[in-house]
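# Secondary and tertiary structure notes
Residues per chain, in single letters:
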Amino acid sequence: MPYVPRSVPSPVTSPALAPEVAAALAEGRALVALESTLLAHGLPAPLNRSAADALEAAVRAHGAVPATIAVLDGQPRVGLDATQLDRVCAGHLDKLSVRDLGAAVGLGRSGATTVAATVTLAAAAGIEVLATGGLGGVHRDGGTNRGSWDISADLPALARTPVLVVCSGVKSVLDVAATLEVLETESVPVLGYRTDAFPGFYRRDSGHPVPCRVDTPEQVAAVWRAHRALGSGLVLAQPVPAASELDGALHDRLLAEGLALVAERGVTGKDVTPALLRHFHTGSGGASQAANLALVSANAELAAKVARQLAL
Ligand code: PSU
Ligand code: MN
């Protein structure tokens, strides 16, 4: 049976706003939401903690206010202070997608939010731009009857949440073609930023074209203004900076190994993405971490530029 899109209302879990975020919202200043799963589960400690600061600094350097999002002790938080970022990066937090928010809030738990949960909380706070590394998508055997049915909740969340997500495509561990098809089905526009090729996270070209290319933050803002009333999100895909792109042969080898490892160990569900990322990090001698960091920072910068345009 193919993937069946569903329309699910966004849960409104009123988040606590950091003072700076509340002030920026009240004054109509540019804001960029940052997800915390990439910190808690996508990058190893202590690199994740410096990455958290680097991403916020990249947003500030381009004139916007950063708002890293997580749930701490049952409280969804939009904008974290240094101590709260320490907790996110300490390595004990759960990975929360949208369906996990109710349990985290209701049972007073803490967790890092995926893109799906982060756009949900960002939209509830009134923030419409988010930066991340790679969007979740359809896993390689995800969309088939006999397969795993592993389709990231990032896709249906984008279908129903009007937030613009700046990313470097979807991780190459996914079925990129199927992911692009689901985004089309769900009426989520995919824009390539200064590229005609949909990026493949660690690689600049996933082998699939983008439906629409844009070359300036002004163009992105114009598309978003015209689109957002539809109610779905938008994917703005920017390739990893050329100097940080992972070598093609190394990438393909680590990918094949990682997929075999996950199958062999019976890793499933929400542990799949972190396990594959860990394999890249250990197997590439740090190159995949450098690429990951470079692409997320570049996305944070671009998100800030777009948010500035939208705040004009
Ligand atoms: N981007 C990164 N590293 C990550 C992720 C994105 O650079 O770890 C996370 C995001 O939080 C995304 C999640 O929402 O992976 C997707 O996980 P899953 O496939 O289990 O839905
Ligand atoms: Mn999954």
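Going by what an unreviewed UniProt entry lists, the chain is known as Pseudouridine-5'-phosphate glycosidase and is assigned to Pseudonocardia hispaniensis. As stated in UniProt under Catalytic activity (unreviewed entry), the record for the chain gives "D-ribose 5-phosphate + uracil = psi-UMP + H2O". Annotation of the chain in UniProt includes, under Function (unreviewed entry), the sentence "Catalyzes the reversible cleavage of pseudouridine 5'-phosphate (PsiMP) to ribose 5-phosphate and uracil. Functions biologically in the cleavage direction, as part of a pseudouridine degradation pathway."

Next up on the list: the overall build of the chain. Within the chain, the regular secondary structure consists of 12 helices and 13 strands. Computed over the C-alpha atoms, the radius of gyration of the chain is 18 Å, within 12% of the 20 Å expected from 2.2 N^0.38 for a compact globule of 312 residues. Projected onto its principal axes, the C-alpha positions of the chain cover 50 × 40 × 40 Å. When the 312 residues of the chain are sorted by exposure, 55% land in the buried category. Placing the 25 positive and 29 negative side-chain charges of the chain at their respective mean positions leaves the two points 2 Å apart.

The feature "binding site: Mn(2+)" (unreviewed entry), as annotated in UniProt, sits at D150 in this numbering. In this structure D150 comes out as buried when scored by relative accessible area, which is 17%.

Counting through the fold element by element, G192 comes out in strand 9 (residues 190-193). As for G192 and A112, which are separated by 80 residues in sequence, their C-alpha atoms are 28 Å apart. Sequence-distant contacts of G192, defined by excluding residues within four places in its chain, comprise V210, C212, R213, V214 and A237.

Moving on, we get to the pairing of strand 9. The two faces of strand 9 match: V190 and G192 on one face and L191 and Y193 on the other face are all buried. Pairing geometry for strand 9 and strand 13 (residues 234-237), over 3 bridges, is parallel. Residue L191 lies in a different strand from strand 13, and its bridge partner there is L236. Judged from the 3 bridges that link them, strand 9 and strand 12 (residues 212-214) form a sheet pairing that is parallel. Within strand 12, the position partnered with G192 by the bridge is R213.

Near ligand 1 lie 19 residues; those nearest to it are E35, K95, V115, S152 and D154. Within the backbone of V115, a nitrogen or oxygen atom sits 2.9 Å from an oxygen atom of ligand 1. Burial of ligand 1 by the protein chains amounts to 95% of its free accessible area of 480 Å². Those elements giving two or more residues to the shell around ligand 1 turn out to be helix 2 (37-42) and helix 11 (272-283). A per-element tally of the shell around ligand 1 places helix 2 first, with 3 residues. Residues of the shell around ligand 1, tallied by class, amount to 4 nonpolar, 10 polar and 5 charged.

What follows is about the UniProt feature "binding site: substrate" (unreviewed entry) in the chain. With numbering aligned to this structure, UniProt lists the feature "binding site: substrate" (unreviewed entry) at K95, V115, S152, A153 and D154. The annotated residues occupy 60 residues of the chain but converge on a single region, no pair of C-alpha atoms lying more than 13.0 Å apart. Its location among the elements puts V115 in helix 6 (residues 115-125). On the basis of relative accessible area, V115 is assigned to the buried category, the value being 2%. Residue position: D154 is located in helix 7 (residues 154-160). When neighbours within four sequence positions are excluded, D154 is seen to be in contact with T114, V115, A116, L135 and G136.

Basis of the calculations
- Residues numbered from 1 in each chain as written.
- Chains lettered and ligands numbered in written order.
- Predicted model: local features only at pLDDT ≥ 70, side-chain atom pairs only at ≥ 80, totals over all residues.
- Heavy atoms only, no water.
- UniProt positions renumbered as here; feature names shortened; annotations may be inferred.
- Helix = DSSP H or I, 4+ residues; strand = E, 2+ residues; numbered from the N terminus.
- Rg over C-alpha atoms; globule rule 2.2 N^0.38 Å.
- Buried < 20%, exposed > 50% of the residue type's maximum accessible area, 1.4 Å probe, protein only.
- Lys, Arg positive; Asp, Glu negative; His and termini not counted.
- Charge placed at Lys NZ, Arg CZ, Asp CG, Glu CD.
- Contact = heavy atoms within 4.5 Å.
- Pairing = 2+ DSSP bridges.
- Near = heavy atom within 4 Å.
- Polar contact = N/O pair within 3.5 Å; in protein donor to acceptor, adjacent residues only side chain to side chain.
- Areas by Shrake-Rupley, 256 points an atom, 1.4 Å probe, with all protein chains shown as cover.
- Nonpolar A, V, L, I, M, F, W, Y, C, P; charged D, E, K, R; others polar.

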